[in-house]
Amino acid sequence: MAKRKKKIIIVGGGLAGLSAAMKICESNAEVIIVAYQSLKRSHSVCAQGGINAAIDSKGEGDSPENHFYDTIKGGDFLAEQPLVRDMCYKAPSIIHLMDRMGVAFNRTSEGHLAFRRFGGTLYSRTAFSGATTGQQLVYSLDEQIRKYEHDGMVQKMVWHEYLGAVLDSKGICRGAIIHDLRTNEVFTLAGDAVILATGGPSQVYAGSTASTVNTGAAATMAYMQGAKYANGEFIQIHPTAIPGRDKLRLMSESARGEGGRIWVPKRADDNRDPLNIPEMERYYFLEEKYPLFGNLVPRDVASREIYDVVYNQNLGIGGQPMVYLDLTHKSKEFLQDRLGGILDIYKKFTGDDPKVTPMKIFPAVHYSMGGLWTDYETDSEGMIEPKSPRNQMTSIQGLYAAGEADCHYHGANRLGANSLLSCIYTGLMMGPGVLSYADNISQSADSVPSSVFSDAKTYWRGRFKSISKMRGRENPYKLHRELGEMMMANVLIVRDNKTLDKAYNSISDFETRMKDINCVDSNDWANPTPSFINQLYCMIQLCKIITKGALMRDEFRGAHYKPEFDLKQPKDFDPHEYIHYQEQLNFGEVSADAFPKSHLDYMKRFEANNKKWLKTSIAQFKNNQPNITYADVNTSLVIPRPRKYD
Amino acid sequence: MAKINQDQAHFYLLKINSLLGLVPIGVFLAFHLGINSLRTVGPLQYQWSIDLINNMPFLFGIEVVFIYLPLLLHSLMGFYIYFSGKRNVVHYGYPRNWLYTLQRITGVLIFGFLIYHLGTTVVPKLFYGKHQFLAAPFLMDVMNAEFQTWTGRIIYLIGISAATFHFANGLWGFCVSWGIIIGRNAQRNASVVFAMVGLVLTVLGFATVLEFSLDPVPVTPTVGG
Amino acid sequence: MSQETIKLKIKRQDNPRSKSYWQEFEIPYQPLSNVISCLQDIQKSPVAANDLGVDPVIWDCSCLEEVCGSCTMLINGRVRQACTALVDQIEKPIVLEPMSKFPVIRDLMVDRNRMFRALKKVKAWVDIDGSQDLGEGPIMSDHIRATRYTLSECMTCGCCLEACPQYTKDNSFLGAAAFSQVRLFNLHPTGAMNADERLEEVMGKGGIADCGNAQACVEACPKNIPLTDSIADISRQTSLKLLKDLLLK
């Protein structure tokens, strides 16, 4: 019997989707890429700073093991260690691959790859391509896919939206329900596997750096169809964003990586031009508090410090929630070469030139560490089994997730320049596994009863028909804004249970208001409103996951900061003490005078807290609510220990 | 030689067209204006040059191959180019876009002018036998008559300036289209040089017109036909 | 307190076959507004200036920070990205129209597929052996990298083509964006191995020789890509190839 040609549906045309597509195309399978928009437009293009790989080109003694450790520590030990280790070890080959594909990575004078330093590490391990690394990476993958398209191996289905998976009677994913965003037709696509590379959900917040398409709807739909959604409460707030009305634009971490300094005037009422404020009267709060890492502390730390300076110490510039990010001490030529792209963006959107005057910035919602829970398989040595069909599979058989839509790589907080890596890594890594899954499924999509597909189609056609007919009083776009503002006000950097509880209850108000929605657009051609209403419905479910997850997690970990449960690390505490403490515990007895009492108490608190909370939170859709349970994290490789960056 | 397909033919034609504008048409224009400007030195000098040209061997063949056919092809391609684009200088009034637009407009103007110019200077040639035709006095008469009226002068001033502009700007276009000048600086510097070339040719042409207008001297044949 | 407002005049079209029509909107002024936030405000309250409820205006956008290339439109008659069009910096009333060189899908949304087809035609990719680990990429000077980087910032937004007098709805001109990509890939050590194939694709109808050097492309490019350098450079490469093919083959 001739071997059947495998058919894989990939949803999303960003880094993860395109890398998966490339890998799968190489094995001669049929690939369909479903994307909301033309392929060069995905949100991955917004990533500015770079992509991490411990190539150690500067001879600093960096290694993938260090990269692995930094990532795990940066993520406050919540990341899945075998996966992260594999990612960090594959990172150098990923960079070399991208380089071979023509990414214009910056070079050294000898023509090798240049690397810069980024947050959360002491090594220069971030390869970068000007100030638009994400864009450059997406383009080069898009180009490879264009080659495959030219050779007839990929079908691009752009201007189409994924609505959900087609599940058979056993709950196995057999294809996808697709919505043509121009004709507004709903139809099904049969496939051996469906990959969701649909990005993050930051649009649930009103002040985010996300693209307009990042609603998280596809992942939420998978969750409502039974997939587990993990670590939803871990939302990264990027410390440096440019204020704006339609969105907050990112000011890349590379601005700090290249020497940018964060400060506020020491006096709250100091309204002088920043350039006229003498050095003595500036408060470089990150440098003062964290002498070792300085301005390059991880994002969660920087965001909290800015929040603290602005809201608790009331030192925001001109009383507003803003601080200075200053690059004016660097030469214009240096800035143009290293950061030209992002500095131009600042100038374009504010009218001020950052080469001349310090930028005003404030934290903004940036990334979701959480996402669809995915599986993986390790071999006898604890490395990832490359061809396992379990790799990156969600809890729905045949439905896969990659990129920001998954959950295992960044723990409680993502390090800068690791997201591009995790997108490409997951996309490439899952390819062989998806194919071996497709090879081994007992029943191909073609032999599934056609009613499975027609039922799904009927359901979704009916749903869109009824949405289109809604003529209530609520404008969906306004409602979305309000939902986002509610999330901004209540589920952001500093969290407390009273507010979270209130927020969780208020989500049901939004649900009620959803019933009274007005489908404001009556056109039956290229009408985005019904689709947006459906996404808004998903976003409400997502807000519940995030808020309930945050409410239930009574601890301070990474991006999830609840002051009430801060373990209050003693100032002179050294994380190594904890390792000695663990060693002593393993020997049996901790001698009473081995550690200062306050340290010992802290370590005991830390240990107890980890026992309870060092777990992946898993949300499952039950009775229209997220049912949250906790699963163990694989910490077999690095012992979880207190984080310290000063 | 391998057969060429439609795409290649299209490319070759445009490349040849670009080349034709320089040689022979551009070169001819420069010589034409240069030689005619001998009129400013004196009628006799002008007459000699015309006689010299008109007594060249194989003149008809040379004219057809090096002037009329290239002009015809350049005109046909010119109209094709004219209609292949849509001028938009109203919305995008950048200097180069203006030059692009003027290049096309002058092309059309020159085409009209040439019909007139050839119609009054060359076509009559066809009605005389070579032995009866005395080029210099005939042309002098035609020109003297032309430049007695403002209509004639204006037609020629427009024709000459359109041609010199089209040539000078075309030289620049030729250099860019053939990849001789690439960088921004090179392109800017070249445009200054070519503008000078255009200016010199315009001055030559205008001076000739002026001389004819001010001093319409009739001539008698110096050399027998 | 009298409230300042922003007036917008928008050219609308319900579908690709229907006729276009103008509609006016008036929305409250807010600081830090750009054209996108105005359109978002209209979405939130889709009422035309004559108090008539209308369908919200449809437009393309995604990143809102000028790297995705989606939100290209004509603003006050000229093509640009809507996200960088700050209300404080542009003339009012703000006149919005869809790009004129591409088929309108609806309102301000157009179909720029022709640009992506052009990228496919000119083989805008580096032909690699595969994604398996084959070690380091080719060594390249940072100088070449810098040139390639500026070219590679092209986000297929279409501004260069909209401003180009030679690019029309009914011809097959490839346009500056595609030529610049040919240069980008011919500059790469591995990409250069297929340089001739790319050049062949631009040595035909709609190819590099059709360029009239109006250089409006480079003026309109929001990313300041040296498109005219690319055009001249590809002209040189094709001219050399032409001579080589004629004389040396």
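Residues numbered from 1 in each chain as written. Chains lettered and ligands numbered in written order. Predicted model: local features only at pLDDT ≥ 70, side-chain atom pairs only at ≥ 80, totals over all residues. Heavy atoms only, no water.

Student: Could you clarify how one ought to interpret the overall build of chain B in this entry?
Tutor: The helix and strand inventory of chain B stands at 8 helices and 0 strands. Listed N to C, the secondary structure of chain B is α-α-α-α-α-α-α-α in terms of helices and strands. Taken over C-alpha atoms, the radius of gyration comes to 19 Å for chain B, in line with the 17 Å a tight globule of 225 residues would show. If you line up chain B on its principal axes, its C-alpha atoms span 55 × 45 × 25 Å. (Helix = DSSP H or I, 4+ residues; strand = E, 2+ residues; numbered from the N terminus. Rg over C-alpha atoms; globule rule 2.2 N^0.38 Å.)

Student: I keep staring at the interface of chain A and chain C and nothing clicks. Help me out?
Tutor: How large an interface is tends to be reported as the accessible area lost when its parts come together. Taken residue by residue, the interface counts 69 residues in chain A and 77 residues in chain C. Counting each side, the surface lost to burial between chain A and chain C is near 6200 Å², with a carbon and sulfur contribution of 50%. Considering only the side of chain A, the residues that lose the most area to chain C are Arg41, Arg100 and Arg245 of chain A, jointly responsible for 15% of the buried surface there. Where chain A touches chain C, the interface holds 7 salt bridges. The partner of Asp111 of chain C in a salt bridge is Arg182 of chain A, with the nearest N and O atoms 3.6 Å apart. Across the contact surface, chain A and chain C share 44 residue pairs in polar contact (both at pLDDT 80 or more). Listing elements by their share of the side of chain A that touches chain C, those giving two or more residues are helix 1 (15–26), helix 3 (81–100), helix 4 (133–150), strand 13 (249–250), helix 9 (332–350) and helix 12 (476–490) of chain A. With 9 residues, the top contributor of residues to the side of chain A that touches chain C is helix 4 of chain A. (Contact = heavy atoms within 4.5 Å. Buried area = accessible area lost by both parts, 1.4 Å probe. Salt bridge = Lys/Arg side-chain N within 4 Å of Asp/Glu carboxyl O. Polar contact = N/O pair within 3.5 Å; in protein donor to acceptor, adjacent residues only side chain to side chain.)

Student: What am I meant to see in the nonpolar core here?
Tutor: Generally speaking, a soluble globular protein has its nonpolar side chains buried in company with each other. Residue and element names in this part refer to chain A. Core analysis: the largest hydrophobic core is formed by 171 residues, its most contacted members being Ile24, Ile51, Met98, Phe105, Leu137, Ile195 and Ile424. Sorting elements by how many residues they give to this core places helix 10 (residues 419–440) first, with 12 residues. Not counting residues up to four positions away in its chain, the partners in contact with Ile195 are Ile8, Ile9, Ile10, Val11, Ala20, Ile24, Tyr400, Met430 and Val434. In terms of nonpolar packing, the next biggest core, distinct from the first, is built from 73 residues, Ile9, Val204, Val520 and Met539 among them. (Core = buried A, V, L, I, M, F, W, Y, C linked by side-chain atoms within 4.5 Å. Buried < 20%, exposed > 50% of the residue type's maximum accessible area, 1.4 Å probe, protein only.)

Student: Honestly, the sheet that holds strand 16 (residues 323–326) of chain A in this entry has me stumped. Any pointers?
Tutor: Residue and element names in this part refer to chain A. Taken together, the 6 strands give an open sheet; going across it, the order is 13-12-17-16-14-15, and neighbouring strands pair in antiparallel fashion. Looking at the sheet topology across the chains shown, the edges are occupied by strand 13 and strand 15 (282–283). Taken together, the 5 bridges between strand 12 (residues 235–242) and strand 17 (residues 359–368) define a ladder with antiparallel strand orientation. When the bridges of strand 17 are listed, Gln236 appears paired with Tyr367. (Pairing = 2+ DSSP bridges.)

Student: What's the story with the pattern of salt bridges in this structure? I'm lost.
Tutor: Side-chain pairs of opposite charge can arise where the charged atoms are in close proximity. What the rule picks out here adds up to 58 salt bridges over all chains. With a shortest N-O distance of 2.8 Å, Asp142 of chain A and Arg146 of chain A are connected by a salt bridge. In this pair, Asp142 of chain A and Arg146 of chain A are both assigned in helix 4, 4 residues apart and thus about one turn of the helix distant. Note on accessibility: Asp142 of chain A and Arg146 of chain A belong to one class, buried. Put simply, Lys121 of chain C and Glu201 of chain C hold a salt bridge, and the shortest N to O gap is 3.0 Å. With Lys121 of chain C in helix 2 (residues 113–121) and Glu201 of chain C in helix 6 (residues 195–202), this pair connects stretches of sequence that are 80 residues apart. The exposure class assigned to Glu201 of chain C is partly exposed, which follows from its relative accessible area of 23%. A cluster of three or more residues bridged by salt bridges with shared partners is formed by Arg261, Glu279, Arg282, Glu287 and Asp326 of chain A.

Student: Explanation requested: the sheet that holds strand 3 (residues 51–52) of chain A in the structure shown.
Tutor: Adjacent strands of a sheet pair through backbone hydrogen bonds, lying either parallel or antiparallel. Residue and element names in this part refer to chain A. In spatial order, the strands read 3-5-4; together these 3 strands make up an open sheet with antiparallel pairing. Sheet topology places strand 3 and strand 4 (115–117) at the edges, where each strand pairs with a single neighbour. Relative to strand 5 (residues 124–127), strand 4 runs antiparallel, the two sharing 3 bridges. Considered in strand 5, the bridge of Phe115 is made with Ala127.

Student: What's the story with the side chain of Arg282 of chain A in this structure? I'm lost.
Tutor: Residues and elements named next belong to chain A. Mapped onto the secondary structure, Arg282 falls in strand 15. From its side chain, Arg282 meets the backbone oxygen of Ile277 in a polar contact 3.0 Å long. Non-local contacts of Arg282, meaning those with residues more than four positions away in its chain, are made with Trp263, Val264, Lys266, Pro274, Leu275, Ile277 and Asp326.

Student: Just to check I follow, could you spell out the interface of chain C and chain B for this structure?
Tutor: At the junction of the two partners, chain C supplies 35 residues and chain B supplies 34 residues. Around 3000 Å² of area is buried between chain C and chain B when both sides are counted, 54% of it from carbon and sulfur atoms. At the boundary of chain C and chain B, one finds 18 residue pairs in polar contact (both at pLDDT 80 or more). Put simply, the parts of the chain that give the side of chain C that touches chain B at least two residues each are strand 4 (78–81), helix 4 (159–163), helix 7 (216–220) and helix 8 (227–247) of chain C. No other element matches helix 8 of chain C, which puts 9 residues into the side of chain C that touches chain B. Residue composition of the side of chain C that touches chain B, grouped by class: 14 nonpolar, 13 polar and 8 charged. (Nonpolar A, V, L, I, M, F, W, Y, C, P; charged D, E, K, R; others polar.)

Student: Can you help me understand helix 5 (residues 176–186) of chain C in this one?
Tutor: For an α-helix, 3.6 residues make a turn, and residues three or four places apart therefore share a direction. Extensive coverage of helix 5 of chain C is indicated by the burial of 11 of its 11 residues. Considered for burial, the residues of helix 5 of chain C that qualify are Ala176, Ala177, Ala178, Phe179, Ser180, Gln181, Val182, Arg183, Leu184, Phe185 and Asn186 of chain C.

Student: Got a minute to help me understand the domain arrangement of chain A in this structure?
Tutor: Residues and elements named next belong to chain A. For chain A, the assigned domains are domain 1 (7–237 + 367–451) and domain 2 (239–364). Between the C-alpha centres of domain 1 and domain 2 there is a distance of 31 Å. Here domain 1 meets domain 2 over a buried area of about 2100 Å², counting both sides, of which 56% is carbon and sulfur. On the domain 1 side of the interface with domain 2, the three residues burying the most area are Gln48, Thr209 and Ile237, jointly 28% of the side's total. Our count for the contact surface shared by domain 1 and domain 2 stands at 1 salt bridge. The salt bridge involving Arg116 is made with Glu258; its shortest N-O contact spans 2.8 Å. Our count for the contact surface shared by domain 1 and domain 2 stands at 11 residue pairs in polar contact (both at pLDDT 80 or more). At the level of secondary structure, the elements contributing two or more residues to the side of domain 1 that touches domain 2 comprise strand 4 and strand 12. Each residue belonging to the side of domain 1 that touches domain 2 can be placed in one class, and the counts come to 8 nonpolar, 13 polar and 3 charged. (Domains from an automatic or database assignment.)

Student: Even after reading the chapter, I still don't get a nonpolar patch on the surface, so can you show me in this structure?
Tutor: Residue and element names in this part refer to chain B. A contiguous nonpolar patch, built from Leu52, Ile53, Met56, Phe58, Ile62, Val65 and Phe66 and spanning about 710 Å² of accessible area, is present on the exposed surface. When contributions to the nonpolar patch are tallied by element, the ones reaching two or more residues are helix 2 (43–54) and helix 3 (59–84). Along the polypeptide, Val65 turns up in helix 3. (Patch = residues over 30% accessible without salt bridge, like charges linked within 9 Å, V, L, I, M, F, W, Y side chains within 5 Å. Areas by Shrake-Rupley, 256 points an atom, 1.4 Å probe, with all protein chains shown as cover.)

Student: Would you take a moment to explain the packing of helix 13 (residues 497–514) of chain A against helix 14 (residues 529–552) of chain A for this structure?
Tutor: The geometry of a pair of packed helices is captured by two quantities: the angle between their axes and the separation between those axes. Residues and elements named next belong to chain A. At a closest axis distance of 9 Å, the pairing of helix 13 and helix 14 adopts a crossing angle of 160°. Classified by the angle their axes make, helix 13 and helix 14 are roughly antiparallel. You can see that helix 13 and helix 14 cross each other, and the crossing is left-handed. Contact residues: Asn497, Leu500, Asp501, Ala503, Tyr504, Ile507, Phe510, Glu511 and Met514 in helix 13; Ile533, Leu536, Tyr537, Ile540, Gln541, Cys543, Lys544, Thr547, Lys548, Ala550 and Leu551 in helix 14. Residue classes in the contact of helix 13 with helix 14 are distributed as 13 nonpolar, 3 polar and 4 charged. (Axes fitted to C-alpha atoms, helices over the stretch in contact; angles between N-to-C directions. Parallel < 35°, antiparallel > 145°, perpendicular 65-115°, else oblique. Left-handed = near helix turned anticlockwise from the far one by under 90°.)

Student: What am I meant to see in the pairing of strand 17 of chain A here?
Tutor: Looking down a regular strand, the side chains alternate between one sheet face and the other. All names here are of chain A. The element strand 17 is extensively covered by neighbouring structure, given that 9 of its 10 residues are classed as buried. Across 3 bridges, strand 16 lies against strand 17 in antiparallel orientation. Opposite Val323, over in strand 17, you have Ile361 as the bridge partner.

Student: Is there a simple way to explain the arrangement of the chains in this structure?
Tutor: Most contacts, among the 2 pairs of chains that meet, fall between chains A and C. Between chain A and chain B there is no contact, and the shortest C-alpha to C-alpha separation is 20 Å.

Student: Even after reading the chapter, I still don't get the packing of helix 7 (residues 150–177) of chain B against helix 8 (residues 184–214) of chain B, so can you show me in this structure?
Tutor: Residue and element names in this part refer to chain B. Relative to each other, helix 7 and helix 8 sit at 160°, their axes nearing to 9 Å. With respect to helix 8, the element helix 7 is oriented roughly antiparallel. Considering how the two elements wind past one another, helix 7 and helix 8 form a crossing that is right-handed. Counting all contacts with helix 7, which are made through Arg153, Tyr156, Leu157, Ile160, Ser161, Thr164, Phe167, Ala168, Leu171, Trp172, Cys175 and Val176, the residues of helix 8 involved are Gln187, Ala190, Ser191, Phe194, Val197, Gly198, Leu201, Thr202, Gly205, Phe206, Val209 and Ser213.

Student: Would you take a moment to explain the environment of Arg116 of chain A for this structure?
Tutor: Residues and elements named next belong to chain A. Along the chain, Arg116 falls in strand 4. Looking at Arg116, the relative accessible area reads 3%, which means it is buried. Placed 65 residues apart in sequence, Arg116 and Ile51 show a C-alpha to C-alpha distance of 9.8 Å. Aside from chain neighbours lying at most four places away, what touches Arg116 is Gly49, Tyr123, Ser124, Arg125, Thr126, Phe128, Gly130, Ser254, Glu258, Arg338 and Leu339.

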